[in-house]
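Single-letter residue listing:
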There are 2 protein chains.
Amino acid sequence: MAFYVQKYGGTSVGSTERIRNVARRVARFHSQGHQVVVVVSAMSGETNRLIALAREVQSNPDPREMDVMVSTGEQVSIALLSMALMALNVKAKSYTGSQVKILTDSAFTKARILNIDQDKIRADLNNGNVVIVAGFQGVDQYGNITTLGRGGSDTTGVALAAALKADECQIYTDVDGIYTTDPRVVPEARRLDRITFEEMLEMASLGSKVLQLRSVEFAGKYKVKLRVLSSFEEEGPGTLITFEENEQMEQPVISGIAFNRDEAKITVLGVPDHPGIAYQILGPVADANIDVDMIIQNVSHDDLTDFSFTVHRNDFNNTMNIIREKIQPHIGARDVIGGDRIAKVSVVGVGMRSHAGIASKMFRVLAEEGINIQMIATSEIKVSVVVDEKYMELAVRVLHKAFGLEQVL
Amino acid sequence: MAFYVQKYGGTSVGSTERIRNVARRVARFHSQGHQVVVVVSAMSGETNRLIALAREVQSNPDPREMDVMVSTGEQVSIALLSMALMALNVKAKSYTGSQVKILTDSAFTKARILNIDQDKIRADLNNGNVVIVAGFQGVDQYGNITTLGRGGSDTTGVALAAALKADECQIYTDVDGIYTTDPRVVPEARRLDRITFEEMLEMASLGSKVLQLRSVEFAGKYKVKLRVLSSFEEEGPGTLITFEENEQMEQPVISGIAFNRDEAKITVLGVPDHPGIAYQILGPVADANIDVDMIIQNVSHDDLTDFSFTVHRNDFNNTMNIIREKIQPHIGARDVIGGDRIAKVSVVGVGMRSHAGIASKMFRVLAEEGINIQMIATSEIKVSVVVDEKYMELAVRVLHKAFGLEQVL
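These numbers come from a predicted model, not from an experiment. (Residues numbered from 1 in each chain as written. Chains lettered and ligands numbered in written order. Predicted model: local features only at pLDDT ≥ 70, side-chain atom pairs only at ≥ 80, totals over all residues. Heavy atoms only, no water.)

1. Description of the UniProt feature "binding site: ATP" (unreviewed entry) in chain A
Residue and element names in this part refer to chain A.
Phase 1 of the analysis: Per the UniProt record, the feature "binding site: ATP" (unreviewed entry) sits at Lys7, Tyr8, Gly9, Gly10, Thr173, Asp174, Tyr179, Arg184, Lys209 and Val210.
Phase 2 of the analysis: Not counting residues up to four positions away in its chain, the partners in contact with lysine 7 are Val39, Ser41, Ser153, Asp154, Gln170, Ile171 and Tyr172.
Phase 3 of the analysis: One polar contact links lysine 7 to aspartate 154, side chain to side chain, over a distance of 2.8 Å.
Phase 4 of the analysis: Relative to the elements of secondary structure, glycine 9 occurs in the loop between strand S1 (3-8) and helix H1 (16-31).
Phase 5 of the analysis: Apart from the residues lying within four places of it in its own chain, the contact partners of glycine 9 are Ser41 and Tyr172. (UniProt positions renumbered as here; feature names shortened; annotations may be inferred. Contact = heavy atoms within 4.5 Å. Polar contact = N/O pair within 3.5 Å; in protein donor to acceptor, adjacent residues only side chain to side chain. Helix = DSSP H or I, 4+ residues; strand = E, 2+ residues; numbered from the N terminus.)

2. A closer look at the nonpolar core
Phase 1 of the analysis: By size, the foremost hydrophobic cluster in this structure holds 42 residues, and its most contacted members are Val37(A), Ile121(A), Leu160(A) and Leu226(A).
Phase 2 of the analysis: It is helix H6 (residues 152-164) of chain A that provides the largest number of residues to this core, a total of seven residues.
Phase 3 of the analysis: Judged by nonpolar contacts, the second largest core, of 41 residues, contains Ile102(B), Ala159(B), Ala161(B) and Ile241(B). (Core = buried A, V, L, I, M, F, W, Y, C linked by side-chain atoms within 4.5 Å. Buried < 20%, exposed > 50% of the residue type's maximum accessible area, 1.4 Å probe, protein only.)

3. Some details on empty space enclosed by the protein
Phase 1 of the analysis: In the structure shown here, the tally under the stated rule is one cavity of 30 Å³ or more.
Phase 2 of the analysis: A breakdown of the residues in the lining of the largest cavity according to their chemical character gives four nonpolar, two polar and four charged. (1 Å grid on protein atoms, 1.4 Å probe; cavity = no way out; pocket = protein on both sides within 12 Å on 5 of 7 lines; lining within 4 Å. Points joined across faces, edges and corners; volume = space filled by probe spheres on them. Nonpolar A, V, L, I, M, F, W, Y, C, P; charged D, E, K, R; others polar.)

4. Re the UniProt feature "binding site: substrate" (unreviewed entry) in chain A
All names here are of chain A.
Phase 1 of the analysis: Cross-referencing UniProt, the feature "binding site: substrate" (unreviewed entry) maps to Thr47 and Glu74 in the present numbering. Of the residues just listed, which span 28 residues, no C-alpha pair is farther apart than 8.9 Å, and they cluster in one region.
Phase 2 of the analysis: Mapped onto the elements, threonine 47 comes out in helix H2 (residues 46-57).
Phase 3 of the analysis: Those residues in contact with glutamate 74 that lie beyond four places of it in its chain are Val40, Ser41, Ala42, Thr47, Ala134, Gly135, Phe136 and Gln137.

5. Overview of the environment of Ile171(A)
Residues and elements named next belong to chain A.
Phase 1 of the analysis: Locating isoleucine 171 in the fold gives a position in strand S9 (residues 168-173).
Phase 2 of the analysis: Here isoleucine 171 falls in the buried class, since its relative accessible area comes to 0%.
Phase 3 of the analysis: Beyond its immediate sequence surroundings of up to four residues, isoleucine 171 is in contact with Lys7, Asp154, Leu211, Leu226, Arg227, Val228 and Leu229.

6. Remarks on the relation of the copies chain B and chain A
Think of it as a corkscrew move, a rotation about one axis and a shift along it, taking one chain copy to the other.
Phase 1 of the analysis: Of the transformation placing chain B onto chain A, the axial shift is 0.1 Å and the rotation is 178 degrees, giving an RMSD of 0.4 Å. Taken together, these values place the two copies in the relation of a two-fold axis. Residue Thr72(B), judged by its C-alpha, is the member of chain B lying nearest the rotation axis, at 2.4 Å.
Phase 2 of the analysis: Both copies contact each other with a shared surface, as 100% of the interface residues of chain B are interface residues in chain A too. (Least-squares fit on C-alpha atoms with pLDDT ≥ 70 in both.)

7. Some words on unusual backbone geometry
Backbone geometry follows two general trends: most residues other than glycine have a negative phi, and most peptide bonds adopt the trans configuration.
Phase 1 of the analysis: Following Val100(A), the chain continues to Lys101(A) via a peptide bond in cis, the omega torsion being -5 degrees.
Phase 2 of the analysis: Locating Lys101(A) in the fold gives a position in the loop between helix H4 (97-100) and strand S4 (102-104).
Phase 3 of the analysis: Positive phi, normally seen in glycine, also occurs at Asn89(A), with a value near 65 degrees.
Phase 4 of the analysis: Inspection of the secondary structure puts Asn89(A) in the loop between helix H3 (63-87) and strand S3 (92-95).
Phase 5 of the analysis: The phi dihedral of Lys165(B) is positive, around 55 degrees, even though this residue is not glycine.
Phase 6 of the analysis: Inspection of the secondary structure puts Lys165(B) in the loop between helix H6 (152-164) and strand S9 (168-173).

8. Thoughts on the pattern of salt bridges
Residues and elements named next belong to chain A.
Phase 1 of the analysis: A complete count under the given rule lists 34 salt bridges over all chains for this structure.
Phase 2 of the analysis: A salt bridge links glutamate 368 to arginine 364; the nearest nitrogen and oxygen atoms lie 3.2 Å apart. Of the two residues, glutamate 368 and arginine 364 are both situated in helix H11 (residues 358-368); the distance of four residues between them amounts to about one turn of the helix.
Phase 3 of the analysis: Salt bridges linked by common partners bring Arg313, Asp340, Arg341 and Glu389 together as one network. (Salt bridge = Lys/Arg side-chain N within 4 Å of Asp/Glu carboxyl O.)

9. Some words on the environment of Ile195(B)
All names here are of chain B.
Phase 1 of the analysis: Residue position: isoleucine 195 is located in strand S10 (residues 194-196).
Phase 2 of the analysis: Residues isoleucine 195 and valine 350, 155 residues apart in the sequence, show an inter-C-alpha distance of 9.2 Å.
Phase 3 of the analysis: Residues within four places of isoleucine 195 in sequence aside, it is in contact with Ile178, Met200, Met203, Thr239, Leu240, Ile241 and Thr242.

10. Examining the interface of chain B and chain A
Phase 1 of the analysis: Counting residues at the interface gives 42 residues for chain B, matched by 42 residues for chain A.
Phase 2 of the analysis: Interface area, chain B with chain A, both sides summed: about 3200 Å², of which 61% is carbon and sulfur.
Phase 3 of the analysis: Three residues stand out in chain B for area buried against chain A, namely Val57(B), Glu65(B) and Met83(B), and they jointly supply 21% of the buried area on that side.
Phase 4 of the analysis: Joining chain B to chain A, the criterion identifies zero salt bridges.
Phase 5 of the analysis: For the side of chain B that touches chain A, the secondary-structure elements that each account for two or more residues are helix H1 (16-31), helix H2 (46-57), helix H3 (63-87) and strand S3 (92-95) of chain B. (Buried area = accessible area lost by both parts, 1.4 Å probe.)

11. Quick look at the pairing of S1(A)
Residues in a regular strand point their side chains to alternate faces of the sheet.
Residue and element names in this part refer to chain A.
Phase 1 of the analysis: Most of S1 is tucked away, with six of its six residues classed as buried.
Phase 2 of the analysis: A two-sided burial pattern is seen for S1, the buried positions comprising Phe3, Val5 and Lys7 on one face and Tyr4, Gln6 and Tyr8 on the other.
Phase 3 of the analysis: Where S1 meets strand S2 (residues 35-40), six bridges bridge the pair, whose relative direction is parallel. Looking at S2, one finds that valine 5 is bridged to valine 37.
Phase 4 of the analysis: For the handedness criterion, the β-α-β arrangement of S1, H1 and S2 is classed as right-handed.
Phase 5 of the analysis: Examined bridge by bridge, S1 and S9 share five bridges and lie parallel to one another. Bridging across to S9, valine 5 finds its partner in cysteine 169. (Pairing = 2+ DSSP bridges. Right-handed = clockwise from strand over helix to strand, strands pointing away.)

12. A few points about the packing of helix H11 (residues 358-368) of chain B against helix H12 (residues 392-402) of chain B
All names here are of chain B.
Phase 1 of the analysis: Relative to each other, H11 and H12 sit at 130 degrees, their axes nearing to 10 Å. Taken together, H11 and H12 sit at an angle that is classed as oblique. As for the relative orientation of H11 and H12, their crossing is right-handed in sense. On the side of H11, the interface is formed by Lys361, Met362, Val365 and Leu366, while H12 contributes Ala395, Val398, Leu399 and Ala402.
Phase 2 of the analysis: Class assignment for the residues of the contact of H11 with H12 results in seven nonpolar, no polar and one charged. (Axes fitted to C-alpha atoms, helices over the stretch in contact; angles between N-to-C directions. Parallel < 35°, antiparallel > 145°, perpendicular 65-115°, else oblique. Left-handed = near helix turned anticlockwise from the far one by under 90°.)

13. Things to note about the sheet that holds strand S17 (residues 335-339) of chain A
Residues and elements named next belong to chain A.
Phase 1 of the analysis: An order of S15-S16-S14-S17 is seen for the four strands of this open sheet, with the pairing classed as antiparallel. The sheet is open, and its two borders are formed by strand S15 (292-297) and S17, each paired with just one other strand. Recorded for the sheet is a direction-independent mean angle of 15 degrees between the axes of neighbouring strands.
Phase 2 of the analysis: As paired strands, strand S14 (residues 263-272) and S17 are joined by five bridges and run antiparallel to one another. Note that in S17 the partner of lysine 265 across the bridge is glycine 339.
Phase 3 of the analysis: Packing of helix H9 (residues 277-287) onto the sheet brings it into contact with S14, S15 and strand S16 (304-312), and relative to S16 it is tilted by some 25 degrees.

14. Looking at H12(B)
The α-helix advances 3.6 residues per turn, and as a result positions three or four apart in sequence lie on the same side.
Residue and element names in this part refer to chain B.
Phase 1 of the analysis: Those residues of H12 that sit buried are Met392, Ala395, Val396, Val398, Leu399 and His400.
Phase 2 of the analysis: Buried residues in H12 make contact with strand S13 (256-260), strand S18 (342-348), H11 and strand S20 (382-388).
Phase 3 of the analysis: Downstream of H12 by a residue or two, glycine 404 has a phi angle that is positive, lying close to 65 degrees.

Rendered as structure tokens:
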């Protein structure tokens, strides 16, 4: 008898047919004697529909009212799943974030969870109920409805698993686990049985869209066992995300190849190199609410240096304008160049901590294919390179093969 | 400077375009210095969409979960209206029924309001906000979401006006007031400037669908001034529903002609007339949750009487079966006859209290047109007759003319 928190995303509850499928799966766990708390997202498409409605009446919708609005998406899902379970003669009870209650701060549209009441859920579980909780939403100390931001249902699941000390938090999604890389790019990509939190963090932040970054951080912090599974297939083992490195067996050096083409790079050339210059360049960018990913500054020559960074591709034009108009004249840089036809490819693995030569092997493999590396950034467990967008898939394929990540047939 | 509670129904907020229109009207009141609390329904069609979804997963949806589900309709409306007001630079704040809070009993899908907190609303009004409250919904003492049943947004409006002691509760709808009868049947029908609560109750219960019966009772009980207005026309006076008869001027004898064709009549012939017979007949009907409207029993001959009543047309077959199978053999009645091709036409007016001859005038007018009267029922302020359905419109027209209700051109 175990205690599971199961989270089903928008695709998994995208129609009443699919909701009935989820109910059957939950009912099976329940009939085996397990205690189950289910977290659900809005039906796929619903959140976007609500946001579009809001924008029709207010071009920049008020965040408090936006949360009142979009939180209805999950509220519909919890009621439907609860009804679907009752139709299978399973006792079920739904709760909104306000009802649980999931207390958050008052940062509308991107609130953080502060505390979760357990009394109602524990009482309902002890009475034989499946408890269904709306993902993505909470309530602040003043009774205002809040939401956790996109993908926040994962965070709700992990937070509930942490608060209730569940045995496992199972994230049901449209893939059956975490892969060494995207199988659409590399058909030989292999499902990982387990991956560490650190690796998952790098994979998630680098473009594997399976799990929301924040929920992984959260799970790591509270030592919640996370498992990614498919809601469409029967009973696969999925991928377990562990908070301990696997010590029983030889750790593979590399776990996976992550990539994304959502970025653009900007380089400020001939910057006078003195203290505070990085802040002078990036301060105005941050003030415009533009997130910066990679930042690279090399050693200077003649007190001049080149400063490069990447931003989301959607922010490229805006960022170029800010740099050219507000910063370049001010700091006396020689020129500003940039491009949005780039891709970032990363090799990730906790094993590289103890293995030298991963980076050089990566560079060699890319060079053999004639792929020029435009930028390089490293952390303890990953090496990222920026390459021309058109070489991205080739780079992923050759790296996947070179590091031996292929499916063992 | 006045304090208004304004209620806008589903048609009035049926699109973002219409919501912006409502916002403009509310903003105008606000700019004139009035305090405004707005109650809104779900966008038209939304409640039905949600109910249909629920029925796809559970044939007879659980009432608690149904309320979780359908209450999202108004929640979307309040957020949209609040945003639309902010887009006009009007300070606005929305509340769900749980947030206000509108405390109800736990009778899911048909809850009754027990109490309304005023603190948040008063504080927001005093800070210059328009306050927007979700109609139709509340919360029980355990924190469960409840709904008041169909049309319950009117009740929310009246209850808020009563609790907050508003000067007037304005019900905005798709007609510009209460008419002497349905203008689609009698083009000369005239809008009434005022009508008493008693008359409105008779009009509402007899088929004028403008106001929900329960909200009128509620307004009468708490002495809330109700006004019915159009949300599509600019600034008509609408119809004021007063709790006092107008004493300044000569009271018109008749205020309006109500009608409906939703009923069917059933007559049990040759019933042995002894105490308890009415209960023996209607008890099993009530047990089947069938509402009975008119009930007529005339004096008996040879200890036998005929007992007639009307039910909703949808319940006709079911009722006939109950009477024929469970009751007729049991009480030894001679026969059971019935028909669902009938219509009820009623003449309503507080003035008839002091005027004899209204009923006889009504019967004479109908006789002159060759319309046979099948059943008659009277109250202090109305006379209802049941006629063949095919004569309904003719009956309404000739009565409307005979009682001088036409538009003064």
